[in-house]
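# Structural features, examined
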Amino acid sequence: MDKRAFKDAVYTELAKVAKAMANPVRLEIIDLLAQGPFSVEQIAHYTHQSIANTSQHLQNLKNARLVQISKQGNFVYYSLLGTDVYKTWMALRELGIHCNVEVEKVIADFRQGQSENLQAIDANTLITLLEKEEVLLLDVRPEEEYNRGHIHQALSMPLEQLKKEMKTLDKNKTIVAYCRGPFCVYADEAVAFLLKHGFKAMRLEEGYLEWTLKE
């Protein structure tokens with residue numbers, strides 16, 4: 001193999017990975033699978049896609065060796081091949097936010113629409129506040145995801161449960177809510193709800209997996 005053929009072969013294979021990720025639905029699926037394994041039906045539900053479309057997207061990701069499958073009974077579950085897949089998505093996400101001002105505008109417009117007072121804190125600030133016992137930390141993802149893993153000291157409080165148990169929360173403490181990551185809206189909805197009912201609340205900028213990668 002000569003030098004030209006070598007380069008063409010390498011870049012062609014790498015382009016398959018880039019091509020597999022060059023789709024908004026597949027990026028959302030990667031973001032979701034960072035939480036752990038999901039069935040095709042669950043992925044279709046969370047991404048608002050048909051099962052047929054979801055299966056096609058998953059096949060693209062599988063062909064690029066970004067996801068893997070496992071079977072539990074009659075169900076097929078998909079998961080990321082490893083944390084490197086998510087780290088690549090994180091780098092792409094950060095690059096997009098840095099280079100494309102429209103991304104930041106969309107995020108800012110959405111959060112302002114949720115609540116003008118919606119604020120976010122980073123992981124380092126949260127660590128300090130937890131050490132001082134100045135905040136109550138809520139994991140507002142579905143309980144199944146909380147059970148797979150969560151930030152130490154966090155209480156499981158999906159949005160519907162939060163609405164029912166709001167009166168049990170201490171209004172003298174600032175509440176910090178987190179979910180799957182920067183583009184997950186569960187935390188935004190939880191914080192907007194708490195602010196509306198007189199609580200001091202903010203969201204964590206990062207999600208659970210970003211937190212674990214910092215440890």
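Now for a description of the structure that goes with this document.

## Section: the pairing of strand β7 (residues 174–178)
The buried count for β7 comes to 5 of 5 residues, which makes it a mostly enclosed element. Side chains T174, V176 and Y178 project from β7 onto one buried face, and the interleaved I175 and A177 project onto a second face that is buried too. Pairing of strand β5 (residues 135–139) with β7 involves 5 bridges; the strand directions are parallel. Each bridged residue has a counterpart across the sheet, and for D139 the counterpart in β7 is Y178. Between the parallel pair β7 and strand β8 (residues 201–204), the chain is carried across by helix α10 (residues 186–196), and the sense of this crossover is right-handed.

## Brief notes about the sheet that holds strand β3 (residues 75–80)
Here we have 3 strands laid out as an open sheet, ordered β1-β3-β2, and antiparallel in their pairing. Only two strands of the sheet have a single neighbouring strand rather than two, namely β1 (38–39) and β2 (67–72). Strand direction decides the pairing type here: β2 and β3, joined by 6 bridges, are antiparallel. When the bridges of β3 are listed, K71 appears paired with V76.

## Some details on the pattern of salt bridges
All chains considered together, the criterion is met by 9 salt bridges. Here D8 ties to R4 by a salt bridge, and the two come within 3.1 Å at their closest N and O atoms. Taken together, the positions of D8 and R4, both in helix α1 (residues 3–21) and 4 residues apart, correspond to about one turn of that helix. With relative accessibility at 40%, the residue D8 sits in the partly exposed group. Accessibility expressed as a relative area gives 49% for R4, which makes it partly exposed. One salt bridge in this structure joins E13 and K16, with 3.1 Å as the shortest N-O distance.

Cut-offs applied
- Residues numbered from 1 in each chain as written.
- Predicted model: local features only at pLDDT ≥ 70, side-chain atom pairs only at ≥ 80, totals over all residues.
- Heavy atoms only, no water.
- Buried < 20%, exposed > 50% of the residue type's maximum accessible area, 1.4 Å probe, protein only.
- Helix = DSSP H or I, 4+ residues; strand = E, 2+ residues; numbered from the N terminus.
- Pairing = 2+ DSSP bridges.
- Right-handed = clockwise from strand over helix to strand, strands pointing away.
- Salt bridge = Lys/Arg side-chain N within 4 Å of Asp/Glu carboxyl O.

None of this, on its own, says anything about what the molecule does.
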